[in-house]
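Take a look at the letters that make up each chain.
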Amino acid sequence: MISFKHPNPFRPSSRPTSPNPPSRSEPAMVLERTSRPLTKLSFGGFKRSSSSISVSSPLPTPLVQDGSYLQALSLKLSEAVSKAMVQPTGPVPVGELVGGRRPIPTGRGRALGLLIASELKACQNNPHLHKAILRSLHRPLSVLLSNLSALLLPLLSSPAFLSSPAPTVQAPNPNATQLHALAAAGFAGELLESFDEMSLGLDNDARGDGLKAIREGLVSLIGRVVNPLIAAIQSELVPLLESLENPVAVAVPKTGTKALHPSIVSLQALMPVYARALVRYTTTLPSQTTLATFLISIIWRALVAFANRPQVKPTSSLGLPQSTPLTKRQRATSGNTSPVTPSPTRFALKLPPSRPSSPPNTSVTPSAAADARVLCELMVLLPRPFAECAATRVAREAVDEALSDLMALATLLENIDNPLFKVGKPHEAILEEIERITSDLPTLIALPVLLRSYSGLTNESPSIPPVSSIVNVSEDEYRKNCLSGFGRAEQCGSIIGHSVLDFLHVQGGLHSLVAQWLANRVDVVDH
């Protein structure tokens, strides 16, 4: 008891003092304190230097695989799906609110895909757990797909989405309703990219992952948003491209300005706007197929229009009336008249006008070659399917081939309009050059151009009728059945070619240049 009441006499009563620090040798010479500039004391020195490297979001940490792992994973996935659809915080940009809601921010679909990928990679060595995780994805992803469909339903049925779907020069950006729909489609596209990386939803077997219905639902959701917007642009472009078939005389200044078709002038203003809009519409991988179909369709319309455009000799007429010179009799009559007293303003000081008079306008019919070359330059501005992606490589090749056909037709029209193309060249050399230019062109596209230019018939014979008249069908029926697309034109090329050859044989133009070209083309197709 005494030991508890009194401290141990052998224990030190206080903590030993720390030893004194070793003395440092002072420098022999003490430097004088210099005054620092005022800029060193400013608040600018306390600012953190901005880093040019963007910091990426950290990868999600997988859960601990214990007895309650699957239950915790289901809760985690459900929470992630809910967070993906929650409204973003921060200041609201102007013109983004629809019904008090903001569009889904970019990157949320990718974040959800990273979460799913991290959990699947964590159990890649355990096939049974891997299948269990895939089964646990069905419920939250089905809820997500239902929420996206419910979000899109009022947007797609809204008059604001369909009233002005095509962008214009005055309104190049999508409105708020279209912006919300594109954001939902972009979210689905980001999630589909993660599906592609993990090869999810590709198996038709019921014993697979069972996510094919989710994948198809996401693809359908993207199509419901993107297809109407691209179709609206196509509906604006098709009338302009079809009008290129009809030559129109335009008034241009007499200063060397190139004459272009009015539709080409309109396309020069619209194509950059449509190019930016298509880039925004086709960010997802499923939309690349729609983009390829759209590009091939409008290129084919342009090919048909230029191929059937009649040749018009370039004519020009001054827009202002010209004064005709006086004849000898008129000059003699005017010389015998009594002189008229000049007005006082005649002797006034004549000053130069404030601005030079405008040169008179000239009425010129633009050539098909010039219009086709400008259209090729405008078509290059439009986006094309991804070339580096294996899923869209075939679509990119098809679009490139269609664009090369348009360029080949422009080259053919330029050579036909050039009077020096045939000067000093033998018949065989001209035929070889035409075969080289038209090697990739469809037969039904190059044939009417060559028939109008190199018929080889006598001057007394009537002009070559259209191809539809040669095959004894109406023009509408011929275009509907034979010129509806690249594939149909290739199928009908041999049959139409034989019919035109028989016509040339009856007209006596069997040895013309176009007949030899057509015979070689049909012979290659038959064999």
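Residues numbered from 1 in each chain as written. Predicted model: local features only at pLDDT ≥ 70, side-chain atom pairs only at ≥ 80, totals over all residues. Heavy atoms only, no water.

**With respect to the overall build of the protein chain**
Here's step 1: Assigned secondary structure in the protein chain consists of 19 helices and 3 strands.
Here's step 2: Looking at the 527 residues of the protein chain, the share that counts as buried comes to 38%.
Here's step 3: For the protein chain, contacts bridging at least 24 residues in sequence account for 77% of all contacts bridging at least 6.
Here's step 4: Counting only carbon and sulfur atoms, one obtains 57% of the accessible surface of the protein chain, whose full area is about 32,900 Å². (Helix = DSSP H or I, 4+ residues; strand = E, 2+ residues; numbered from the N terminus. Buried < 20%, exposed > 50% of the residue type's maximum accessible area, 1.4 Å probe, protein only. Contact = heavy atoms within 4.5 Å. Areas by Shrake-Rupley, 256 points an atom, 1.4 Å probe, with all protein chains shown as cover.)

**A few points about the packing of aromatic side chains**
Here's step 1: Enumeration over the complete set of coordinates arrives at 1 aromatic pair.
Here's step 2: When the centroid spacing of 4.7 Å and the interplanar angle of 55° are considered together, the rings of Trp 300 and Phe 486 count as tilted. On the criterion of sequence distance, the pair formed by Trp 300 in helix H10 (residues 287-307) and Phe 486 in helix H18 (residues 486-507) is long-range, its members being 186 residues apart. (Phe/Tyr/Trp six-rings, centres within 6.5 Å; stacked < 30°, edge-to-face > 60°.)

**Details of helix H9 (residues 262-281)**
Owing to its 3.6 residues per turn, the α-helix brings residues three or four apart onto one side.
Here's step 1: With 20 residues, H9 extends 28 Å from end C-alpha to end C-alpha; this agrees with the ideal 28 Å at 1.5 Å per step.
Here's step 2: Along H9, the sharpest kink reaches roughly 35°, centred on Leu 270 and followed within four residues by the proline Pro 272.
Here's step 3: The complete set of buried residues in H9 reads Ser 263, Ile 264, Leu 267, Leu 270, Met 271, Val 273, Tyr 274, Ala 275, Ala 277, Leu 278 and Tyr 281.
Here's step 4: Where H9 is buried, its residues contact helix H7 (176-198), helix H8 (212-242), H10 and helix H12 (368-379). (Expected span 1.5 Å × (residues − 1). Bend = angle between axes of the 7 residues up to and from the residue.)

**Concerning the packing of helix H2 (residues 69-84) against helix H4 (residues 127-136)**
Here's step 1: The contact between H2 and H4 brings their axes to 10 Å, and the two run at 35°. Considering the relative orientation of H2 and H4, their crossing is right-handed. Across the interface between the two elements, Tyr 69, Leu 70, Leu 73, Ser 74 and Leu 77 from H2 touch Leu 129, Ala 132, Ile 133 and Ser 136 from H4.
Here's step 2: When grouped by side-chain class, the residues that make up the contact of H2 with H4 number 7 nonpolar, 2 polar and no charged. (Axes fitted to C-alpha atoms, helices over the stretch in contact; angles between N-to-C directions. Left-handed = near helix turned anticlockwise from the far one by under 90°. Nonpolar A, V, L, I, M, F, W, Y, C, P; charged D, E, K, R; others polar.)

**Some thoughts on the side chain of Asp 405**
Here's step 1: Checked against the element boundaries, Asp 405 lands in helix H13 (residues 393-417).
Here's step 2: Among buried Asp, Glu, Lys and Arg side chains, Asp 405 stands out as unpaired, with Arg 521 the closest opposite charge at 9.1 Å.
Here's step 3: Discounting chain neighbours no more than four positions away, the residues touching Asp 405 are Leu 303, Asp 440, Leu 441, Pro 442 and Phe 486. (Lys, Arg positive; Asp, Glu negative; His and termini not counted. Salt bridge = Lys/Arg side-chain N within 4 Å of Asp/Glu carboxyl O.)

**Here we look at the pattern of salt bridges**
Here's step 1: For the structure on display, the rule yields 13 salt bridges.
Here's step 2: Between Arg 301 and Glu 242 there is a salt bridge, with the nearest N and O atoms lying 2.6 Å from each other. Taken together, the positions of Arg 301 in helix H10 and Glu 242 in helix H8 put the pair 59 residues apart, joining distant regions of the chain.
Here's step 3: The exposure class assigned to Glu 242 is partly exposed, which follows from its relative accessible area of 40%.
Here's step 4: We note a salt bridge from Asp 400 to Arg 396, for which the minimum N-O separation is 3.3 Å. Of this pair, Asp 400 and Arg 396 both sit in helix H13, 4 residues apart, roughly one helical turn.
Here's step 5: Residues joined by salt bridges that share partners form a network here, namely Glu 245, Glu 475 and Arg 479.

**Section: the packing of H10 against helix H15 (residues 443-453)**
Here's step 1: Between H10 and H15, whose axes approach to 8 Å, the crossing angle comes to 15°. As the angle between them shows, H10 and H15 are arranged roughly parallel. Viewed along their axes, H10 and H15 form a crossing whose handedness is left-handed. Of H15, the residues touching H10 (which contributes Trp 300, Leu 303, Val 304, Phe 306 and Ala 307) are Ile 445, Pro 448, Val 449 and Arg 452.
Here's step 2: Of the residues in the contact of H10 with H15, the class split is 8 nonpolar, no polar and 1 charged. (Parallel < 35°, antiparallel > 145°, perpendicular 65-115°, else oblique.)

**Notes on unusual backbone geometry**
Here's step 1: In the Ramachandran plot, Ser 199 falls in the positive-phi region, its phi being about 55° despite a non-glycine side chain.
Here's step 2: When you line up the elements, Ser 199 lands in the loop between H7 and H8.
Here's step 3: Take Ser 199: its relative accessible area is 46%, and that puts it in the partly exposed class.
Here's step 4: A positive phi angle, near 60°, is found at Asn 472, a position not held by glycine.

**A closer look at the environment of Ile 214**
Here's step 1: Tracing the backbone through its elements, the reader meets Ile 214 in helix H8.
Here's step 2: Residues Ile 214 and Leu 200, spaced 14 residues apart in sequence, show a C-alpha to C-alpha distance of 9.6 Å.
Here's step 3: In contact with Ile 214, other than residues within four places in its own chain, are Leu 141, Ser 142, Leu 145 and Phe 195.

**What to know about the confidence of the model for the protein chain**
Here's step 1: In this model, the protein chain carries a mean pLDDT of 78, and residues with pLDDT of at least 70 account for 73%.
Here's step 2: Summarising per-element confidence for the protein chain, the mean pLDDT is lowest in strand S2 (residues 316-318) (40) and highest in H10 (96).
Here's step 3: Note on residues 456-461: pLDDT under 50 across the span, and 6 contacts to partners over four residues away in sequence or across chains. (pLDDT = per-residue confidence, 0-100.)

**Quick notes on the environment of Ala 232**
Here's step 1: Within the secondary structure layout, Ala 232 lies in helix H8.
Here's step 2: Taking the C-alpha atoms as reference points, Ala 232 and Leu 162, 70 residues apart in sequence, are found 9.0 Å from one another.
Here's step 3: Non-local contacts of Ala 232, meaning those with residues more than four positions away in its chain, are made with Pro 165 and Ala 166.

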